[in-house]
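The residues making up each chain are set out below.
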Amino acid sequence: MIAGKRVLLIVGGGIAAYKALELTRLLKKAGASVVPVLTRAGAEFVTPLTLSALAGEKLYSELFDLTDEAEMGHIELSRAADLLVVAPATADLMAKMATGQADDLASTLLLATDKRVLIAPAMNVRMWDHPATQRNLATLKGDGILTVGPNPGEMACGEFGPGRMAEPAEILAAIGAALSDGPLKGRHVVVTSGPTHEPIDPVRYIANRSSGAQGTALARALAGLGADVTFVTGPATVPPPQGVRVVKVETAREMLSAVEAALPAEAAIFAAAVADWRVANAADRKMKKDGSGGAPALEFAENPDILATVSQLKTGRPALVVGFAAETNDVAANATAKRARKGCDWIVANDVSAGTGIMGGAENAITLIGPDGAEDWPRLTKDEVARRLAARIADQLALPTTSATPATESPE
Ligand code: C5P
């Protein structure tokens, strides 16, 4: 898993930086190439020469180094790596990452990358426990950043508690897991997410309350299993995950075009809350009150049904097509009927009625409906639902012949 891979190792300024030297040695021994990046603070703890000599590679430290930029620009540097590892990740580096600051080489590389990032935090226990650090950690996890440690134990400052950087062997194992190919390696999966915006005029639109959280979590989980994900998203309130191909759209019709352009795919997961109708008489210019007290009459036209269209493709249909069904009553019965109507393989149904807190919330309680019936899942975080669904999708695609269920009825 590690042999032949290129790891960009960012060494931050903490006493644990000395362990980054051993980590470099272990990575080299495992057959990886290590490109070291040393922050200014990091250089107070280990010397550039030691790190560069152990890595057997040129060391990078300055953002505005004309020679380095001419040889390999910082964008290229972060993109040429298979994985970015930050060890030690100090409280300051974590804060920079969580807020997207880019004021030195390390933080700029971390902001510019489209690769997976693994951090090994190390700091004083009070700094680790501080609400600001815990807030930043939650943000980073939400962004798909992988973490290893910190471990509890005695610290260089004499205190005891969580804050010790994970041992080099542990970090090596986490690097191996992060670089592992995963069961969906090389599989192309299309995921739609978020609401759509249907214009009324150039400044007004019709939308819905979808945050895009479940679709985003699912795309992240699928990418985590190695899938090559095309993420077609409407204007969501949560940012798209790392490590996926993002296609931003506004309207249902744009979403359909983007999905069609993304095919072929082995699986297509339609988590977007697509508007059923668009405004047929949308104005080219901003509509104005005319003083008569009257109101404009909007006319609606039905939008294409992306899920049904893809489910019923005669050629090039993905082996697995999954739809979502947000229901407010008779969830399983309505979703089972929807599965048949649209012709998809699975429906992920959930109850979005008032009081469930599911729409726009962090948790979801789903019923998975497939050819063999309905399965109720317990209430879980959307991240956990995503991980379990991604694992099920991987299992399904691993079957020798995926049982794509043909449409049994005409589309809606
Ligand atoms: O019919 P309903 O909107 O409840 O179906 C929900 C499922 O269908 C979701 O998977 C949604 O992404 C998909 N859908 C679609 N295109 C539409 C409407 C819904 O792909 N125009």
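Rules of the game
Residues numbered from 1 in each chain as written. Predicted model: local features only at pLDDT ≥ 70, side-chain atom pairs only at ≥ 80, totals over all residues. Heavy atoms only, no water. Buried < 20%, exposed > 50% of the residue type's maximum accessible area, 1.4 Å probe, protein only. Helix = DSSP H or I, 4+ residues; strand = E, 2+ residues; numbered from the N terminus. Pairing = 2+ DSSP bridges. Near = heavy atom within 4 Å. Polar contact = N/O pair within 3.5 Å; in protein donor to acceptor, adjacent residues only side chain to side chain. Areas by Shrake-Rupley, 256 points an atom, 1.4 Å probe, with all protein chains shown as cover. Nonpolar A, V, L, I, M, F, W, Y, C, P; charged D, E, K, R; others polar. pLDDT = per-residue confidence, 0-100. Contact = heavy atoms within 4.5 Å. Axes fitted to C-alpha atoms, helices over the stretch in contact; angles between N-to-C directions. Salt bridge = Lys/Arg side-chain N within 4 Å of Asp/Glu carboxyl O. Domains from an automatic or database assignment. Buried area = accessible area lost by both parts, 1.4 Å probe. Expected span 1.5 Å × (residues − 1).

1. Focus: the pairing of strand β3 (residues 83-89)
1) Next: A large share of β3 lies buried, amounting to seven of its seven residues.
2) Next: By the alternation rule, side chains of β3 split into Leu83, Val85, Ala87 and Ala89 and Leu84, Val86 and Pro88, which are all buried.
3) Next: As paired strands, strand β1 (residues 6-11) and β3 are joined by four bridges and run parallel to one another. Bridging from a neighbouring strand, Leu9 pairs with Val85 of β3.

2. Topic: the site of the ligand
1) Next: Taken together, 13 residues lie near the ligand, and Phe270, Ala272, Pro304, Phe324 and Lys338 sit nearest.
2) Next: With respect to the ligand, the backbone of Leu307 contributes an N or O atom lying 2.8 Å from an oxygen atom.
3) Next: In this structure, Lys342 approaches the ligand through a side-chain N or O atom, which is 2.9 Å from an oxygen atom.
4) Next: Notes on the ligand: free accessible area 440 Å², of which the protein chains cover 89%.
5) Next: At the level of elements, α12 (306-311), β16 (320-327) and α13 (331-342) are the ones that each hand at least two residues to the shell around the ligand.
6) Next: Across the shell around the ligand, the residue classes tally to seven nonpolar, one polar and five charged.

3. Comments concerning the confidence of the model for the chain
1) Next: Across the chain, the average pLDDT comes to 91, with 95% of residues at or above 70.
2) Next: Low confidence marks residues 402-412, where pLDDT is under 50. Its contacts with residues over four positions away, or in another chain, come to 26 contacts.

4. Topic: the side chain of Ser210
1) Next: Looking at the secondary structure, you find Ser210 in the loop between β10 (205-206) and α10 (213-224).
2) Next: Polar contacts involving the side chain of Ser210 include one to the main-chain amide nitrogen of Gly212, which spans 3.4 Å.
3) Next: Discounting residues that sit within four places of it in the chain, Ser210 has contacts with Gly194, Pro195, Ala273 and Met359.

5. Re the environment of Ile10
1) Next: Checked against the element boundaries, Ile10 lands in strand β1.
2) Next: The spacing of Ile10 and Gly142 is 132 residues in sequence and 21 Å in space, taken between C-alpha atoms.
3) Next: Setting aside its immediate chain neighbours within four residues, Ile10 contacts Val37, Thr39, Val85, Val86, Ala87, Ala106 and Leu110.

6. Considering the sheet that holds β16
1) Next: Ordered by their spatial adjacency, eight strands build an open sheet running β12-β11-β8-β13-β16-β17-β19-β20, and the pairing between neighbours is mixed. Of all strands in the sheet, those bounded by a partner on one side alone are β12 (245-248) and β20 (373-376). Neighbour-to-neighbour, the strand axes of the sheet open up by a mean angle of 15 degrees, direction not taken into account.
2) Next: Both strand β13 (residues 267-270) and β16 contribute to a ladder of four bridges, which runs parallel. Residue pairing for β16: Phe270 is matched across the bridge by Gly323.
3) Next: The strands that helix α11 (residues 252-262) touches are β8 (188-193), β11 (228-233), β12 and β13; relative to β8, the one it contacts most, it runs at about 175 degrees.
4) Next: Taken strand by strand, α13 contacts β16, β17 (346-351) and β19 (366-370), and its axis lies near 150 degrees from that of β17.

7. What to know about the pattern of salt bridges
1) Next: A full pass over the atoms with the stated rule returns 18 salt bridges.
2) Next: Close ionic contact of Arg245 with Asp228 constitutes a salt bridge, the shortest N to O distance being 2.7 Å. One end of the pair, Arg245, is in strand β12; the other, Asp228, is in strand β11, with 17 residues separating them in the sequence.
3) Next: We classify Arg245 as partly exposed; its relative accessible area is 41%.
4) Next: Under the relative-accessibility criterion, Asp228 is labelled partly exposed at 33%.
5) Next: Each of Asp92, Lys96, Asp103 and Asp104 takes part in a single network of salt bridges with overlapping partners.

8. Notes on the domain arrangement of the chain
1) Next: Domain boundaries in the chain define domain 1 (6-178) and domain 2 (188-398).
2) Next: Using only C-alpha atoms to locate each centre, domain 1 and domain 2 end up separated by 36 Å.
3) Next: Facing seven residues of domain 1, the contacting portion of domain 2 comprises four residues.
4) Next: The largest share of the area that domain 1 buries against domain 2 comes from Arg116, Gly142 and Asp143, three residues that together contribute 53% of it.
5) Next: Put simply, domain 1 and domain 2 have zero salt bridges between them.
6) Next: Where domain 1 touches domain 2, the interface holds zero residue pairs in polar contact (both at pLDDT 80 or more).
7) Next: Looking at the side of domain 1 that touches domain 2, its residues break down into no nonpolar, three polar and four charged.

9. Focus on helix α9 (residues 168-179)
1) Next: Its 12 residues place the ends of α9 16 Å apart at the C-alpha level, agreeing with the 16 Å of an ideal helix rising 1.5 Å per residue.
2) Next: Of all the positions in α9, only Pro168, Ile171, Leu172, Ala174, Ile175, Gly176, Ala178 and Leu179 are classed as buried.
3) Next: Turning to α9, the residues buried within the fold contact β1, α1 (17-29), β3, β4 (116-121) and β5 (146-147).

10. Thoughts on the side chain of Thr108
1) Next: Along the chain, Thr108 falls in helix α6 (residues 105-112).
2) Next: Of the residues examined, Thr108 reaches a relative accessible area of 10% and is grouped as buried.
3) Next: The residues contacting Thr108, other than those within four sequence positions of it, are Leu63, His74, Ala102 and Asp103.

11. Quick word on unusual backbone geometry
With glycine set apart, most residues show a phi of negative sign, and most peptide bonds adopt trans.
1) Next: The linkage connecting Gly149 with the following residue, Pro150, adopts the cis geometry, with an omega of 5 degrees.
2) Next: Within the fold, Pro150 resides in the loop between β5 and β6 (151-154).
3) Next: The omega torsion across Leu263 and Pro264 is 10 degrees, close enough to zero to call that bond cis.
4) Next: Within the element layout of this structure, Pro264 appears in the loop between α11 and β13.
5) Next: Look at Asp330: it is not a glycine, yet its phi comes out positive at around 40 degrees.
6) Next: Tracing the sequence through the fold places Asp330 in the loop between β16 and α13.
7) Next: On the accessibility criterion, Asp330 (53% relative accessible area) is exposed.

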